[in-house]
Amino acid sequence: MKPILSVRDLAVEYRTAAGPVRAVRGVSFDVHPGESLALIGESGCGKTTLGLALLRLLPAPASTPSGEVLYRRRDGEVVDLLRLGREELRRFRWSEAAMVFQGSMNSLNPLLPVRDQMRDTVLAHRRMPAAEIRRLTEDVLRKVRLDPARVLAAYPHELSGGMKQRVLIAMSLLLDPQVLVLDEPTTALDIRTQRAIVDVLRELRERLGFAMIFVSHDLPLAAELADRVATMYAGRIIELGGVRDIFYRPRHPYTVGLLDAVPPIVGDLPALVSIPGGPPSLLDLPVGCPFRSRCAHAQDDCAAAEPGLEQVGVVHTAACYHIVPADRRVIRGEDVTNA
Amino acid sequence: MPDPLIVLDRVSHVFAGRSGQTRAVDEVSLELEPGKVLCLVGESGSGKTTTARIAAGLTRPTAGTVRFQGTDIRSLTGDAATGFRRAVQYIHQDPYSSLNPVRDVFGTLAAPLRRHRVVRGREEVRRRALELLTDVDLTPPENFLGKYPHQLSGGQRQRVAVARALTLAPRLIIADEATSMLDVSIRISLLNVLLRLRDDRGVAFLFITHDLALAKYFGWHGTTAVMHEGRLVEHGPTPRVINEPAHEYTQALLAAIPLPDPDRARPRAASW
Amino acid sequence: MRSKAGFAGFVVFAALVLIAVVGPLFTPSHLATDMTAVYLPPSGSHLLGTDSEGRDIAVQMINGGRPVILVGLLAGAISTLIAIVFGSLGAYLGGWVDSAIVSVTDIVLTVPQIVLLAVLASLYTLDSPWVLAVLLGAFAWPYLLRSVRAQVLSLKEREYVEAARLLDLGTPHILFREILPNMATFIMMNFVVTMTNAIYALVGLYFLGLAPIVDDNWGAMLNKAWTRGAVFYSDSLFYVLAPVIAISLLQLSLVTMTRSFEEILNPRLRQS
């Protein structure tokens, strides 16, 4: 199956007072129709920048000096999103691909009821008679398990955080996009609300079949929602694989470190270790592997040049000269063998 | 069994809102014992932060009493009041606003050291500041003395906040979601610093969090209390609360936690 | 300094102050009236020409800066000091202290400045620069106080202020070492604005004749230029232009200088 989105060597650069900073330094990946990809990383790794770049939603000081974002439209034609003209981009957004931003709960206009905001979103991209818009908005709200009668007339402050997040997910689905990009969809929500959002997203994917790219720092979320996972560090993808590959057979020391830092809710008390140090400054990246200074497996050759993504499994790549051996991963006191 | 440091006795905090009264905290009773950890878990609006602030003496309850070593804190004056203030410290959630942006790390630590004459003389103050920074794993400590908050990462800032809280040798530290705004890989190291303080210095902790998994890690040898809409719904030794939750709210919270295990998370056979 | 405009402003201001302070040491302090040299155009011996009494304008300009700048500085300092001390105390302490301070401020605000000055001028001789400075300062502080109070009210809710309270650092320390340093740029800018307003008010006083002219100062020159009709003749243009340009330059340099303040006073901008 041909991918619906192909990113090739994408770079994003910010103009800052201290000089240009590359927040994304050559990222490549494919997303297939109906597939869900998680971009996992911590602050400063470039994941949010990457998410915004995919739909050309970056703020002014940012630019994409190199790379392509190839998108296969519904009519089969492949276009490079980075080269689309303004009008084409407007038509592309929302109907082909849509985005749910971070801190969405605060993206709703506090002065307008939900009904108006949804209508405005539709009208910004399509002409549609009022009756049809109403039917569409009611339909899409039901899909996210919200009661249209209650929500459409409400103002944002009358809705809970979880409801607002669902409204935003609904809004992104208004024009039936093929790809949905979500930036930290569950952060800042209560744990039970997070569970509701995860369930809603899972259900929507099954019913509507869109491809999903979501950005998060929460690794367990990827276990719930992702088919494939990419871990990012210092502006690059350092490991990419199927969800079971990443959780049961992680090969990059950073991915292993992230997994080891998740306190398990089941089982006895584990001895948890965190990754020492902090991420490097993007202004002053060291030569060689950027994770080197924090890595327990680092050796001399790690300082020479930055490792590229190499095949470590069937559909599994990692950027490391000394990948962690594919031993059994011990999860919750049970051995999980390499299937 | 030693006497508890802080006792919250049927404490309530009610305030009048537009739609009648809101019981942010509803008849909560807790005991904080010396050298022990108590994790207070709840979602937003559960009242856990208000309870923590009441225990710290920052907010006055509308009903009930808070006792420090047996005495109602409202009746403390003079030296006794200072004693309470020194014994109970607080770490805020947001490392980006809990440090004064125009003061460097040395200034932040020196202020309480000098004010309360913990040590005298510039050399002694400097030496003590270096000790405190080492205690919170900010090494080499000399590198951090002259830094301003904007030059530090979130994790480093939180450690400075902990060091600041330690300046007066407190017996209890109340940590209000102290790790929520930190990266996942750094949270554990901060918690390990706090656990070491409990082991080495006998500091007790009241740890507020919405993350039961963190409560389990941090409070394994202590107790966990679960709050829901202002009330305490469950309270007991942490292993018991986590593994055999009695209240359905606790059970619902535990069921909602995502597992870092794809096969368990999704029962369907994944083709990837 | 990254701000070129700010640096330029500072240079001009420093130059004006230097001339005003040091210049009079080199010029005769008392110029004799010479009716044969009335309204002479600029020449080698009289760089800017002469005035209606045959006195050198350039000399008057050099002598005349000091009273204006001095009074402006003093008035600015007095009102800024009052505003800071009472504004921050009221905001931080709250309660009846705050209410009292706000009430007094409101009362003073309602007093019409010019009218009161005119009345005072008719009753007393407002010749001493100290008296003038105090008077002008007394009218400027209410606006400033309200600003300072609003800022402190906002800053006192910051978490690092709460942390300072938890460490029992004491109200004076918290106000002067935690809160006010965060307002350094704000205070400097307010001081500059107050100073410029005082200078305008002072020049206005001289111009309107409400303050008696005892020495050559820029305001006095304007008054004389107007009353002696210097504005109507092209020969005597410098008599009017020189003080106007000097005053404008002073104000402009003061205001432009403020662009560099943020850089100097904010540690976040100083180091990367």
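Residues numbered from 1 in each chain as written. Chains lettered and ligands numbered in written order. Predicted model: local features only at pLDDT ≥ 70, side-chain atom pairs only at ≥ 80, totals over all residues.

Visitor: Explain the overall build of chain A to me, and be specific about the residues and the numbers.
Guide: Of regular secondary structure, chain A possesses ten helices and 14 strands. Since a compact globule built from 339 residues should have a radius of gyration of about 20 Å, the 21 Å found for chain A is in line with a globular shape. In chain A, which comprises 339 residues, the proportion classed as buried is 47%. Contacts in chain A between residues at least 24 apart in sequence constitute 65% of all its contacts with a sequence separation of at least 6. (Helix = DSSP H or I, 4+ residues; strand = E, 2+ residues; numbered from the N terminus. Rg over C-alpha atoms; globule rule 2.2 N^0.38 Å. Buried ≥ 20, exposed ≤ 12 C-beta atoms within 10 Å, placed from the backbone. Contact = placed C-beta atoms within 7 Å.)

Visitor: Go over the overall build of chain B with me, naming the residues and quoting the values.
Guide: Counting secondary structure elements, chain B contains eleven helices and ten strands. Its C-alpha atoms give chain B a radius of gyration of 20 Å, within 12% of the compact-globule value 19 Å for 272 residues. Along the three orthogonal principal directions, the C-alpha set of chain B runs to about 65 × 55 × 45 Å. In chain B, which comprises 272 residues, the proportion classed as buried is 49%. Considering only contacts within chain B whose residues lie at least 6 apart along the sequence, 66% involve residues at least 24 apart.

Visitor: Describe the interface of chain B and chain A, with residues and values.
Guide: Counting residues at the interface gives 31 residues for chain B and 36 residues for chain A. Mapped by element, the contributors of at least two residues to the side of chain B that touches chain A are helix H7 (184-201), helix H8 (212-219), helix H10 (248-256) and helix H11 (262-265) of chain B.

Visitor: Please provide a residue-by-residue account of the sheet that holds strand E1 (residues 6-17) of chain B, values included.
Guide: All names here are of chain B. Taking strand neighbours across the sheet as the criterion, the four strands line up as E2-E1-E4-E5 in an open arrangement whose pairing is antiparallel. Of all the strands in the sheet, the pair left with one neighbour each is strand E2 (20-32) and strand E5 (71-72). Where E1 lies against strand E4 (residues 63-68), five bridges are found, and the strand directions are antiparallel. Bridge pairing in E4 places Val 7 opposite Arg 67. Where helix H1 (residues 48-56) meets the sheet, it contacts E1, E2 and E4, and its direction lies at approximately 125° from that of E1. (Pairing = 2+ DSSP bridges. Axes fitted to C-alpha atoms, helices over the stretch in contact; angles between N-to-C directions.)

Visitor: Run through the pairing of E2(B), naming residues and quoting values.
Guide: All names here are of chain B. Here E1 runs beside E2; their pairing, made up of nine bridges, is antiparallel. Directly across from Phe 15, in E2, lies its bridge partner Thr 22. From the end of E1 to the start of E2, which pair antiparallel, there are two residues.

Visitor: Mind laying out the nonpolar core, listing which residues take part and the relevant values?
Guide: By size, the foremost hydrophobic cluster in this structure holds 239 residues, and its most contacted members are B:Leu206 and C:Leu202. A per-element tally of this core places helix H2 (residues 57-93) of chain C first, with 13 residues. Structurally, this core is a two-domain feature, drawing no fewer than three residues from each of domain 1 (5-226) and domain 2 (233-336) of chain A. Filtering out sequence-adjacent residues up to four positions away, B:Leu206 remains in contact with B:Leu32, B:Leu38, B:Leu40, B:Ala52, B:Ala55, B:Leu172 and B:Ile174. (Core = buried A, V, L, I, M, F, W, Y, C linked by C-beta atoms within 7 Å. Domains from an automatic or database assignment.)

Visitor: Please give an account of the pairing of E4(B) that cites residues and values.
Guide: Residue and element names in this part refer to chain B. Two strands pair when backbone bridges link them, and E4 and E5 are joined in this way by two bridges, in the antiparallel orientation. What sits directly across from Phe 68, in E5, is Thr 71. Where E4 folds back onto E5 in an antiparallel hairpin, the turn is made up of two residues, including Gln 69, whose phi is positive at roughly 50°.

Visitor: Run through the packing of helix H1 (residues 4-22) of chain C against H2(C), naming residues and quoting values.
Guide: All names here are of chain C. The contact between H1 and H2 brings their axes to 7 Å, and the two run at 105°. The angle between the axes of H1 and H2 places the two elements in the roughly perpendicular class. Mapping the contact onto sequence places Leu 16, Val 17, Ile 19, Ala 20 and Val 21 in H1 and Ile 62, Gly 65, Arg 66 and Ile 69 in H2. Taken together, the residues of the contact of H1 with H2 break down into seven nonpolar, one polar and one charged. (Parallel < 35°, antiparallel > 145°, perpendicular 65-115°, else oblique. Nonpolar A, V, L, I, M, F, W, Y, C, P; charged D, E, K, R; others polar.)

Visitor: Which residues make up the sheet that holds strand E11 (residues 310-313) of chain A, and what values go with them?
Guide: Residue and element names in this part refer to chain A. Read from one edge to the other, the open sheet built from eight strands follows the order E6-E7-E8-E3-E9-E10-E12-E11, with strand pairing classed as mixed. A single partner strand is all that each edge strand has here, and the edge strands are strand E6 (97-100) and E11. Across the sheet, the axes of successive neighbouring strands diverge by a mean angle of 20°, strand direction being ignored. Alignment of strand E3 (residues 36-40) against strand E9 (residues 228-233), held across four bridges, turns out to be parallel. In the strand pairing of E9, Ile 40 is matched with Thr 231. Packing against the sheet, helix H1 (residues 47-54) makes contact with E3, strand E7 (179-183), strand E8 (211-216) and E9, and its axis sits at approximately 150° to E8. Each of E9 and strand E10 (236-242) is contacted by helix H10 (residues 253-260), which is oriented at about 105° to E9, the strand it contacts most.

Visitor: Explain the interface of chain B and chain C residue by residue, including any values.
Guide: At the junction of the two partners, chain B supplies 20 residues and chain C supplies 16 residues. It is helix H3 (residues 105-115) of chain B that provides the largest number of residues to the side of chain B that touches chain C, a total of three residues. A class-by-class count of the residues in the side of chain B that touches chain C yields eight nonpolar, eight polar and four charged.

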